[in-house]
Structures are given as C-alpha cells and as structure tokens.
Amino acid sequence: MRLSRYFLPVLKETPREAQIVSHRYMLQAGMIRQSSAGIYSWLPLGFKVLKRLEQIVHEEQQRVGHLPMLMPTIQSGDLWKQSGRHNSYGPEMLRFHDRHGREMLYGPTNEEMITEIVAAYVKSYRDLPLTLYHIQWKFRDERRPRFGVMRGREFYMKDGYNFDLSKEAALHAYNRHLVSYLRTYERMGLQAIPMRADSGPIGGDYTHEFLVLADTGESEVFYDSAITDLTFGDRAVDVDDYTACQAVMDEFTSRYARTDETHDEALFNEVPEDRRRSARGIEVGQIFYFGTEYSEKMGAIVQNEDGKQVPLHMGSHGIGVSRLVGAIIEASHDDKGIIWPEGVTPFHCGIVNLKQGDEAADAECDKLYDSLSALGLEPLYDDRDERAGAKFGTMDMIGLPWRITVGPRGLKNGVVELTSRRTGESEELPPEQAVARIAEIYQGVA
Ligand code: ATP
Ligand code: MG
C-alpha cells in the first residue's frame, strides 16, 4: 500500500478522552473512531489488525477441529425465555421490538441460539462430539464503557460451544480449548495466563479466564510468578488424546493463579513469598464447562449407546477479539507509539523515502515495494512529500515492526537502512539483503 493512497488519519494532538495508552494510540494511529459511547468504526488500519486476529483465531480453532459457522446478531426474546435468561440478564441486554411488536434483542452471547440449533438436528450419540463456533459482534450495554475497544458496548467475540455425551468428554473439550487458546495468544505475541475464575451460580471449578498482565487491566489477579516462565511454544499436542490435553491443563493450571473472585489468601500464602504476586490483568478469554443446564432447558437431548435419552454436556468458550487489539498495544508499545508483534502487524514492513522526487530514491523504493510484494509480503510505502521527521513519526506511531529507509546518500553507497521498531537498532545493507532479511523474519511467523 502506498501511504498517499491510503486512509490513515494520524492525529497530531493527544486525544483527551483516552485514559489508557492503547486507547490513545488507537485514536492517534487512525485505527478507530468512536461513533457513540463504546461503539466504534474500525478504520482501515484498525480493521486490518482486527481481521488479522480473527484469522489467527479461525486457524487455531480449526486446527483442533472446531467448526466455524455464523449466527445472527439479532435474536428473539422467546429463545431467551426458554433458558430463563430473558429475565435474569439485566440491563446489559439491549432489547427492542420489531414492527410486529415481537421482543427482540441484540445478542450479548449465543448459548441459547446454538443450543436450539443443536437440539433441532443432533439426536444421537453418533453425531458427537461437536464443537461449533462463530466470530460475531456482540452488544452489552455496559454500565461504564471505557478504554476504547477494551470495554466496548459493541464488541467482536469468538464464542464456541462444545456438545458432548458425557462429562468426561466435555471436560476433554474444555482442556482442548485451553490448549488451543494458549497457542492462539502466543501467536499474537501475548502471554495470557489461565487463571481460576468464578463459575457463578453453576458452581464447580471448571472455568478459567485468560489474563494478560498489564497495569491498566481491570481485573485484580494473584499468582505464583513461576507461571510466567511457562510457554506453549511449538509443542505438537494430539488434541484427540485426552491424556495429552489433560497434561497441558495440569501443567498450566497447577500453580496458584486466580482472579480476585476466587482468590484464597490461605492457599496463596503457601506459595513461596518471593514468588507471590498481585497484579492487574486484562481478560482476553474464558473457557467454561457448565454441564447439562442449557441442554435440559432447551431440549438438547440425544440417544446414547444404551438407547437412553440423555441431555448433552456443554461448555462455552470466548475470546475477546476486538479487546485483544487494545490488549496487545497495552503489552507492546513505547512512548513513540505501538510496536506490533510480527504475528499481528497490519503491514509487514514500512518503506520510508527520505527524498520523494529524487529519481534514484523513488526508483529504489518502487523496487523494494515490488520485491517485498512478490514474496507475499505487504509493505506500507510512505511516498508522501513530507519531511523525514514526520514520516518517521507516523511509522513509529503505527508500529510496524520493521522499516526500510531509503535516501539518496545511502544509495550512493548502495545501501538502505533496516530498522527494528522494537529495539530501535538500524543496520545499513544493500536493498536486496534488506528484503531477504525481512522475508526470513516472517518465514517463522505463521
Ligand atoms: P468482563 O468480565 O470483562 O465484563 P465477561 O467475563 O463478561 O467480561 P465473557 O462473557 O467471558 O465476558 O466474554 C468473553 C470475552 O469477551 C471476554 O473474555 C472478553 O475478552 C471479551 N469481552 C467481554 N465483554 C467485553 C466488552 N464489553 N468489550 C470488549 N470485549 C469484551
Ligand atoms: Mg469472562
């Protein structure tokens, strides 16, 4: 993309309404624009990152056999009356009537709808196990929408639902989701720690929230610092193997790590003192096994091997896709702007032409652009007739991890400059080598 043809409304001034850095940078980098409280338009740069995260989520869901689908945003109130949540959900649910006076709502989540679908078609144990998911906009009329996309009213979420014949099988699905989520967040350059969360009125210990540690996080968390040494890495876990998934679950959840709702002072004090941490975190996902409650209410009942009619065991599992854009920025920025991890960057590399209109510089930039594109990479070429300082400022703010700087002086010596956004380190090298290096860097990034 050439910047002169792009829509990148970078703000010079600091937006006053932004209380945290991710919100401020998303506004300044021209990624989002508020349309009303907690509701945003995603401008081209922000949209690119959102879609990139969505793609990673799809890939990792399908890697473990979960099936993508799409349910509507608007749901009927009657559906929610079947589960009893039409009354209990409270003012976070946006309710309205259609022209015939029917009660409708903008879905805050989809347990009812998916259970109705499964109840309609799945009648036998032979159709199981089944995990369906979608990535769709949700609406929750939050009391205090704030921090930009981190606590929006309209937000983009992956929500998945497993249907299994037995508790054991459903707990395997639970573990499998943990495995898949760990990989998902690491691909986004994040450490998201599974923490024991509050399962509410349903009870049981089968819910974990995934938290990214950040001072601006809304959740208070307590953990054994040894947990931060764990990474999922590139392990090949057979997701059909109950024991293998359970082993990952045990490894990642055996240390103390809890949100304030489940925090237990006595247990926490058993952690060696030098490893006890209390901190703040951003909830970027949650997994939940809740048994047969919805299935019983909504008639998701199948025939088992013995010919008996039994309700399905269910779980639901969410990833906050739009919140993640903010969370990644909270975890990865400096005082000049965003620093995208390679796995999620909107463009792979920036090209800065120090002297637009200089024949050699223009030609070299075009060549770099073509070479990178030919390798399947997407550069953002700042071809505007602007001062170098302004171009660098824009590149630093929008946070592309790599930048190639081209100027007449360097070209006389046959070199361009390759700069890492993260370290700020620059290296002069021939243009072909700069391209090769960037190609190499992204080769390891799926
Ligand atoms: P929170 O406690 O932050 O209100 P939640 O536990 O109610 O979130 P879930 O129902 O678990 O949310 O939804 C799954 C994921 O969707 C959350 O882990 C979070 O990442 C994201 N999410 C929830 N509410 C919002 C929101 N208002 N804005 C943006 N993302 C959200
Ligand atoms: Mg949650």
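Residues numbered from 1 in each chain as written. Chains lettered and ligands numbered in written order. Predicted model: local features only at pLDDT ≥ 70, side-chain atom pairs only at ≥ 80, totals over all residues. Heavy atoms only, no water.

Q: How do you make sense of the overall build of the chain when you look at a structure like this?
A: Each helix and strand in the chain was counted, giving 14 helices and 23 strands. At 24 Å, the chain has a C-alpha radius of gyration in line with the 22 Å of a compact globule built from 446 residues. In terms of overall dimensions, the chain has C-alpha extents of about 80 × 60 × 45 Å along its principal axes. Within the chain, residue pairs in contact and separated by at least 24 positions form 70% of the contacts whose partners lie at least 6 positions apart. On the chain, roughly 20100 Å² of surface is accessible, and the fraction owed to carbon and sulfur atoms is 46%. The average position of the 52 basic charges and that of the 68 acidic charges among the side chains of the chain differ by 4 Å. (Helix = DSSP H or I, 4+ residues; strand = E, 2+ residues; numbered from the N terminus. Rg over C-alpha atoms; globule rule 2.2 N^0.38 Å. Contact = heavy atoms within 4.5 Å. Areas by Shrake-Rupley, 256 points an atom, 1.4 Å probe, with all protein chains shown as cover. Lys, Arg positive; Asp, Glu negative; His and termini not counted. Charge placed at Lys NZ, Arg CZ, Asp CG, Glu CD.)

Q: So what exactly am I meant to see when it comes to the packing of aromatic side chains here?
A: Aromatic ring pairs are defined here through the distance separating the ring centres and the angle between the ring planes. Inspection of every chain in the model, using the stated rule, returns 14 aromatic pairs. Measuring from centroid to centroid gives 5.8 Å for Tyr106 and Phe139, while their planes differ by 55 degrees, and the two rings are tilted. Here the residue Tyr106 occupies a position in strand β6 (residues 103–106), and Phe139 occupies one in strand β7 (residues 130–139), the gap between them amounting to 33 residues. The exposure classification of Tyr106 matches that of Phe139, with both residues buried. Between Phe222 and Phe268 the ring centres are 5.8 Å apart and the planes differ by 75 degrees, which places this aromatic pair in the edge-to-face class. (Phe/Tyr/Trp six-rings, centres within 6.5 Å; stacked < 30°, edge-to-face > 60°. Buried < 20%, exposed > 50% of the residue type's maximum accessible area, 1.4 Å probe, protein only.)

Q: Mind showing me how you'd approach the coordination of the magnesium ion (ligand 2) here?
A: For a metal bound by four donors in a tetrahedral arrangement, the ideal donor-metal-donor angle is 109.5 degrees, while six donors in an octahedral arrangement ideally sit at 90 or 180 degrees. Looking at the metal site, the magnesium ion (ligand 2) is ligated by Glu283 (OE) and Gln286 (OE1), spaced 2.0 to 2.2 Å from it. Relative accessible area serves as the criterion here: at 24%, Glu283 is assigned to the partly exposed category. (Donors = N, O, S within 2.8 Å, 3.2 Å for Na, K, Ca; no water.)

Q: Explain the packing of helix α1 (residues 21–28) against helix α10 (residues 321–331) here, please?
A: Contact geometry of α1 with α10 gives a least axis separation of 8 Å together with a crossing angle of 105 degrees. The angle between α1 and α10 falls in the class roughly perpendicular. On the side of α1, the interface is formed by Val21, Ser22, Tyr25 and Met26, while α10 contributes Val325, Gly326, Ile329 and Glu330. Residues belonging to the contact of α1 with α10 are distributed by class as follows: five nonpolar, two polar and one charged. (Axes fitted to C-alpha atoms, helices over the stretch in contact; angles between N-to-C directions. Parallel < 35°, antiparallel > 145°, perpendicular 65-115°, else oblique. Nonpolar A, V, L, I, M, F, W, Y, C, P; charged D, E, K, R; others polar.)

Q: It is not clear to me how helix α6 (residues 167–187) should be interpreted in this structure. Could you clarify?
A: For an α-helix, the turn length of 3.6 residues means that residues three or four places apart are oriented alike. Its 21 residues give α6 an end-to-end C-alpha distance of 30 Å, which sits within 8% of 30 Å, the value for a rise of 1.5 Å per residue. Counting buried positions over the 21 residues of α6 gives 18, a clear majority of the element. Backbone geometry just downstream of α6 places Gly189 in the positive-phi region, at approximately 80 degrees. (Expected span 1.5 Å × (residues − 1).)

Q: Where do I start with the domain arrangement of the chain in this structure?
A: Frequently, the measure chosen for interface size is the accessible area removed from exposure when the parts meet. What the domain assignment lists for the chain is domain 1 (8–338) and domain 2 (349–443). Relative to domain 2, the C-alpha centre of domain 1 lies at a distance of 38 Å. Here domain 1 and domain 2 share an interface that buries about 880 Å² over both sides, 55% of which is from carbon and sulfur atoms. Our count for the domain 1 to domain 2 interface comes out at two salt bridges. (Domains from an automatic or database assignment. Buried area = accessible area lost by both parts, 1.4 Å probe. Salt bridge = Lys/Arg side-chain N within 4 Å of Asp/Glu carboxyl O.)

Q: What am I meant to see in the nonpolar core here?
A: Core analysis: the biggest nonpolar cluster contains 76 residues, and Met31, Leu53, Tyr185, Phe210, Val284, Val325 and Trp340 have the highest contact counts within it. Ranked by the residues each element gives to this core, the list is headed by α6, at eight residues. Counting residues in each nonpolar core, the second largest holds 25 residues, with Trp80, Tyr89, Met298 and Ala300 among its members. (Core = buried A, V, L, I, M, F, W, Y, C linked by side-chain atoms within 4.5 Å.)

Q: I tried to follow unusual backbone geometry on my own but got confused; where do I start?
A: One can expect most non-glycine residues to show negative phi and most peptide bonds to be in trans. For the peptide bond that leads from Leu128 to Pro129, omega is 0 degrees, which places it in the cis range. In this structure, Pro129 sits in the loop between α5 (111–121) and β7. Despite not being glycine, Phe147 has its phi angle at roughly 60 degrees, a positive value. Tracing the sequence through the fold places Phe147 in the loop between β7 and β8 (154–164).

Q: Where do I start with empty space enclosed by the protein in this structure?
A: The gaps of empty space that remain are located by a probe, the size of a water molecule, rolled over the atoms. Under the defined criterion, the tally for this structure stands at two cavities of 30 Å³ or more. By volume, the largest cavity amounts to about 90 Å³. Every residue lining the largest cavity is counted, 13 residues in all, and those nearest its centre are Leu182, Gln191, Ala192, Leu230 and Phe252. Mapped onto the lining of the largest cavity, the elements with two or more residues apiece are α6 and β9 (192–196). At four residues, the largest contribution of residues to the lining of the largest cavity is made by α6. A per-class count over the lining of the largest cavity returns ten nonpolar, two polar and one charged. Of the pockets and cavities examined, the second largest cavity occupies roughly 50 Å³. Every residue lining the second largest cavity is listed: Tyr40, Trp42, Trp137, Val149, Gly152, Glu154, Phe155 and Ser322. Among the secondary structure elements, those contributing two or more residues to the lining of the second largest cavity are β2 (39–42) and β8. Residues of the lining of the second largest cavity, tallied by class, amount to five nonpolar, two polar and one charged. (1 Å grid on protein atoms, 1.4 Å probe; cavity = no way out; pocket = protein on both sides within 12 Å on 5 of 7 lines; lining within 4 Å. Points joined across faces, edges and corners; volume = space filled by probe spheres on them.)

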